[in-house]
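Examining the three-dimensional arrangement
The residues making up each chain are set out below.
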Amino acid sequence: MRFGSPHHRYRLLDSTNLRARELAIEGAPDGTIVTASEQSAGRGRQGRQWSAPPGKALLYSAIARGLGLGDALLPLAVPLAVCEACEALAAVQCSIKWPNDIWIEERKLAGVLIEARPPAWAVVGIGINLSIAPEEFPLDLRRPAVSLGAEVAIDDLREALNDRLGVWLDAGDHQVLAEFHRRDALRDRTISWTDGSDPDPPDLTAIERSSADPPTGIARGVDSSGNLRVELDGGSMIALGAGEVHLQLDR
Ligand code: BTN
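A short tour of the structure in this document, coming up.

Here is what the cut-offs are and how they apply
- Residues numbered from 1 in each chain as written.
- Predicted model: local features only at pLDDT ≥ 70, side-chain atom pairs only at ≥ 80, totals over all residues.
- Heavy atoms only, no water.
- Helix = DSSP H or I, 4+ residues; strand = E, 2+ residues; numbered from the N terminus.
- Rg over C-alpha atoms; globule rule 2.2 N^0.38 Å.
- Buried < 20%, exposed > 50% of the residue type's maximum accessible area, 1.4 Å probe, protein only.
- Contact = heavy atoms within 4.5 Å.
- Salt bridge = Lys/Arg side-chain N within 4 Å of Asp/Glu carboxyl O.
- Pairing = 2+ DSSP bridges.
- Axes fitted to C-alpha atoms, helices over the stretch in contact; angles between N-to-C directions.
- Core = buried A, V, L, I, M, F, W, Y, C linked by side-chain atoms within 4.5 Å.
- Near = heavy atom within 4 Å.
- Polar contact = N/O pair within 3.5 Å; in protein donor to acceptor, adjacent residues only side chain to side chain.
- Areas by Shrake-Rupley, 256 points an atom, 1.4 Å probe, with all protein chains shown as cover.

We now examine the overall build of the chain. In terms of regular secondary structure, the chain is built from four helices and twelve strands. For the chain, the C-alpha radius of gyration of 18 Å lies close to 18 Å, the compact-globule estimate for 251 residues. Dimensions along the principal axes, computed over C-alpha positions, put the chain at roughly 55 × 45 × 35 Å. Within the chain, the fraction of its 251 residues that count as buried is 48%. Sequence separation of at least 24 residues holds for 70% of the intrachain contacts in the chain that already meet a minimum separation of 6.

Given below as structure tokens:
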């Protein structure tokens, strides 16, 4: 199996991604993973924090080396692995909110933060809610996040993830795009977006939005570079890059 050995296991870390970055810079091999029971400074996308009660989420970072030109699709391949690992252990169906949030029934189950220095290495950080009770999630979320289920053993989930990451990080672009299409939670839905400069945008609903509305359009899948295709009023198409935007799904 490509991922899982060596395994650096910690009770408490600032961030498994930070530790994995250090290890990558020091020359740790492809397939190295870092896990922790608890993080004091867990990192989320776009400068956000990621927190979880101790022992109640899988906090996992993997080092991948040998990145090539096709790795524009790495952010899409990783959530496919997360979906399959979770579905192998619990009776759930996962979908993906582009680029790489994993949802069960439109509630966030897991998030992915990739930090890369291509072509030398990428750190693939994954947080999966395992047994976090609804009242333990932050109150300011518009829709509470969701957990996979306390009956799933964290070691089994880690092993399943090692297995599925190995498969999806070696998959061809066509396969990744086809499977992402099948799991795309945004496809044909109305979305709005703001640029990524505001690290903590208000969580607005369609009704609450004012005249200074962010742009809206209909999500039409992803292109071969992993950008989100959006149809604007009048039918013209644009492509949004994952680093550039905060997305809202209008309800
Ligand atoms: C997001 O949805 O914003 C991405 C969250 C990624 C969180 C994981 S937890 C393990 C790894 N270590 C970190 O500091 N972040 C990622």
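What follows concerns the pattern of salt bridges. For the coordinates displayed, the defined rule picks out 18 salt bridges. Close ionic contact of Arg19 with Glu22 constitutes a salt bridge, the shortest N to O distance being 2.6 Å. One end of the pair is Arg19 and the other is Glu22, both in helix H1 (residues 16–26) and three residues apart, which spans about a single turn. We classify Arg19 as buried; its relative accessible area is 18%. Across the salt bridge formed by Glu136 and Lys56, the nearest N and O atoms sit 3.0 Å from each other. Of this pair, Glu136 sits in the loop between strand S7 (121–129) and helix H3 (154–169) while Lys56 sits in the loop between strand S2 (33–39) and strand S3 (57–65); the two residues are 80 residues apart in sequence, bridging distant segments of the chain. Through salt bridges that share partners, Glu87, Glu179, Arg182 and Arg183 make up one connected network.

If you walk across this open sheet you meet the five strands as S11-S10-S9-S8-S12, and the pairing is antiparallel. In this open sheet, the two strands that pair with only one neighbour each are strand S11 (237–240) and strand S12 (245–249). Between one strand axis and the next, the sheet turns by 45° as a mean value, whatever way the strands run.

Next up on the list: unusual backbone geometry. Between Ser5 and the following residue, Pro6, the backbone shows a cis peptide bond with an omega angle of 0°. Looking at the secondary structure, you find Pro6 in the segment before strand S1 (7–13). Residue Pro99 is reached from Trp98 by a cis peptide bond, and omega for that bond is 0°. Inspection of the secondary structure puts Pro99 in the loop between strand S4 (94–97) and strand S5 (101–104).

The biggest cluster of nonpolar side chains holds 59 residues, and the ones touching the most others in it are Trp98, Leu109, Ile126, Ile128, Leu165 and Leu228. When residues of this core are assigned to their parent elements, the largest contribution, ten residues, is made by helix H2 (residues 74–89). Not counting residues within four places of it along the chain, the set of residues in contact with Ile126 comprises Leu58, Leu59, Tyr60, Val78, Val82, Gly111, Val112, Leu161 and Leu165. Grouped together as the second largest cluster of nonpolar side chains are ten residues, Leu13, Ala36, Ile63 and Trp121 included.

This part takes up helix H4 (residues 173–183). Note that an α-helix has 3.6 residues per turn; residues three or four places apart therefore point the same way. Three or more residues of H4 are buried, namely Val176, Leu177, Glu179, Phe180 and Arg183. Contacts made by the buried residues of H4 are with H2, S4, H3 and strand S9 (216–222).

Moving on, we get to the site of the ligand. The immediate surroundings of the ligand are formed by 20 residues, with Ser15, Thr16, Arg43, Arg45 and Lys108 found nearest. The separation between a nitrogen atom of the ligand and a polar side-chain atom of Gln39 is 3.0 Å. At 2.7 Å from an oxygen atom of the ligand is found a main-chain nitrogen or oxygen belonging to Arg43. About the coverage of the ligand: the protein hides 97% of its 420 Å² of free accessible area. Every element with two or more residues in the shell around the ligand is listed here: H1, S3, strand S6 (107–117) and S7. The biggest single contributor to the shell around the ligand is S6, with four residues.

What follows covers the sheet that holds S6. What links the strands of a sheet is backbone hydrogen bonding, and the strands pair in either a parallel or an antiparallel sense. The strand order S1-S2-S3-S7-S6-S5-S4 describes an open sheet built from seven strands, whose pairing is mixed. Looking at which strands have only one partner, the edges of the open sheet turn out to be S1 and S4. For this sheet, the mean inter-axis angle between neighbouring strands, taken without regard to orientation, is 20°. Taken together, the six bridges between S1 and S2 define a ladder with parallel strand orientation. The partner of Tyr10 across the bridge, within S2, is Ala36. Of the strands in this sheet, S1, S2, S3, S6 and S7 are in contact with H1, which crosses S3 at around 20°.

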